[in-house]
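Examining the three-dimensional arrangement
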Amino acid sequence: MFQLARSVCVAVAVAAAGEAANANLLVNGSFEQDPSSVVANGVYRDYGAWIRLAPGTTYLTGWTVAGFGSGGVLGVDWHLGVSPYAPRPAKDGLRMIDLNIDGTGGQGSGQGTISQSFATEIGSFYAVSFWLAGPGSGAQGGTLDPRSVNVDITGISTQTFSAPASDPSNQVWYQQVLNFQATASSTTLTFSPLAGTSTEGYWGPFIDDGSVQAIPGPGGMALLALAGLRSASRRR
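Residues numbered from 1 in each chain as written. Predicted model: local features only at pLDDT ≥ 70, side-chain atom pairs only at ≥ 80, totals over all residues. Heavy atoms only, no water.

**Thoughts on the overall build of the protein chain**
- Helix and strand counts for the protein chain come out as two helices and 15 strands.
- Across the 236 residues that make up the protein chain, the buried fraction comes to 42%.
- If you take every contact in the protein chain between residues at least 6 apart in sequence, the share linking residues at least 24 apart comes to 76%.
- Taken as a whole, the protein chain presents about 11,000 Å² of accessible surface, with 56% of it coming from carbon and sulfur. (Helix = DSSP H or I, 4+ residues; strand = E, 2+ residues; numbered from the N terminus. Buried < 20%, exposed > 50% of the residue type's maximum accessible area, 1.4 Å probe, protein only. Contact = heavy atoms within 4.5 Å. Areas by Shrake-Rupley, 256 points an atom, 1.4 Å probe, with all protein chains shown as cover.)

**Brief notes about the pairing of strand S11 (residues 156-163)**
- Both strand S10 (residues 147-153) and S11 contribute to a ladder of six bridges, which runs antiparallel. Bridged to Arg147 within S11 is Ala163.
- Hairpin connection from S10 to S11: two residues lie between these consecutive antiparallel strands, with Gly155 at a positive phi of about 80°. (Pairing = 2+ DSSP bridges.)

**Comments concerning the side chain of Ser148**
- Along the chain, Ser148 falls in strand S10.
- The buried category is assigned to Ser148, whose relative accessible area is 15%.
- In this structure the side chain of Ser148 is engaged in a polar contact, spanning 2.6 Å, whose partner is the side chain of Ser162.
- Setting aside residues no more than four positions away along its own chain, Ser148 makes contact with Thr160, Phe161, Ser162, Pro193, Leu194 and Pro205. (Polar contact = N/O pair within 3.5 Å; in protein donor to acceptor, adjacent residues only side chain to side chain.)

**Quick look at the environment of Pro164**
- Along the chain, Pro164 falls in the loop between S11 and strand S12 (165-166).
- Judged by its relative accessible area of 35%, Pro164 falls in the partly exposed class.
- Residues Pro164 and Leu132, 32 residues apart in the sequence, show an inter-C-alpha distance of 9.3 Å.

**Observations concerning the side chain of Asn100**
- Counting through the fold element by element, Asn100 comes out in strand S7 (residues 100-101).
- Residue class for Asn100 comes out buried when judged on its relative accessible area of 0%.

**Some remarks on the pattern of salt bridges**
- Within the structure shown, the criterion is met by two salt bridges.
- Across the pair Glu32 and Arg95 runs a salt bridge, and its minimum N-O distance is 3.5 Å. Separated by 63 residues along the polypeptide, Glu32 in the loop between helix H1 (2-22) and strand S1 (39-40) and Arg95 in strand S6 (residues 95-98) bring together distant segments of the chain.
- Of the residues examined, Glu32 reaches a relative accessible area of 25% and is grouped as partly exposed.
- The exposure class assigned to Arg95 is buried, which follows from its relative accessible area of 9%.
- The partner of Arg52 in a salt bridge is Asp77, with the nearest N and O atoms 3.4 Å apart. Of this pair, Arg52 sits in strand S3 (residues 50-53) while Asp77 sits in strand S5 (residues 76-80), and the two are 25 residues apart along the sequence.
- Overall, the relative accessible area of 12% leaves Arg52 in the buried class. (Salt bridge = Lys/Arg side-chain N within 4 Å of Asp/Glu carboxyl O.)

**Overview of the confidence of the model for the protein chain**
- Across the protein chain, the average pLDDT comes to 78, with 68% of residues at 70 or higher.
- Looking over the protein chain, one finds the lowest element-wise mean pLDDT in helix H2 (residues 220-234), namely 40, and the highest in strand S15 (residues 206-215), namely 98.
- In this model, residues 1-17 is a region of pLDDT below 50 whose contacts with residues beyond four sequence positions or in other chains number 12 contacts.
- Segment residues 219-236 is flagged for pLDDT under 50; beyond a separation of four residues in sequence, or across chains, it makes 15 contacts in the model. (pLDDT = per-residue confidence, 0-100.)

Okay, structure coming up:
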């Protein structure tokens, strides 16, 4: 009976470690959280299907918006993926981020970045996952294909990820994954468009369903279970 109880404790400990490793370190990774002052009845008050987020805005919970390059308006577009006038669907939930700002309203086009900092343990490994889409458009100079995004991790070189353009009324999402080893107690993840791509049409690279998860050390789970079994054996 005592041996069974100890075995159960070991199993619970292993399961708890697995859940901790699977926890998403990002806040609002799917961009679903928004203040009621921005969204009314599920429709954006700006252009109905999306809202322009300027550098420094606090509307996008958990994320910092900044401008990128040059353009008439800098920032990002925050899309609602159920409108017949905008790309759809979102990968997770209803909302997604476009790193391009189109020229609707005569304001000119521009680009932006989004970034978020999160706690990390120096020397530990982490996995970044996000989904990328590139809704096609024949407007404003056409669409670059494939659509690309730069992903920057503090202290690690920037990597570029790409996805082919797809029908905006039924856009296709592609999962992208990047593993890294933390070099500081706080790490910043930044998504940005590629330089020189601000004229690629109405829409740029779309991002959704982002996550950062800790990767257990080599044999970490097995060592935890082995330690528990050895402890149980010594107490027989």
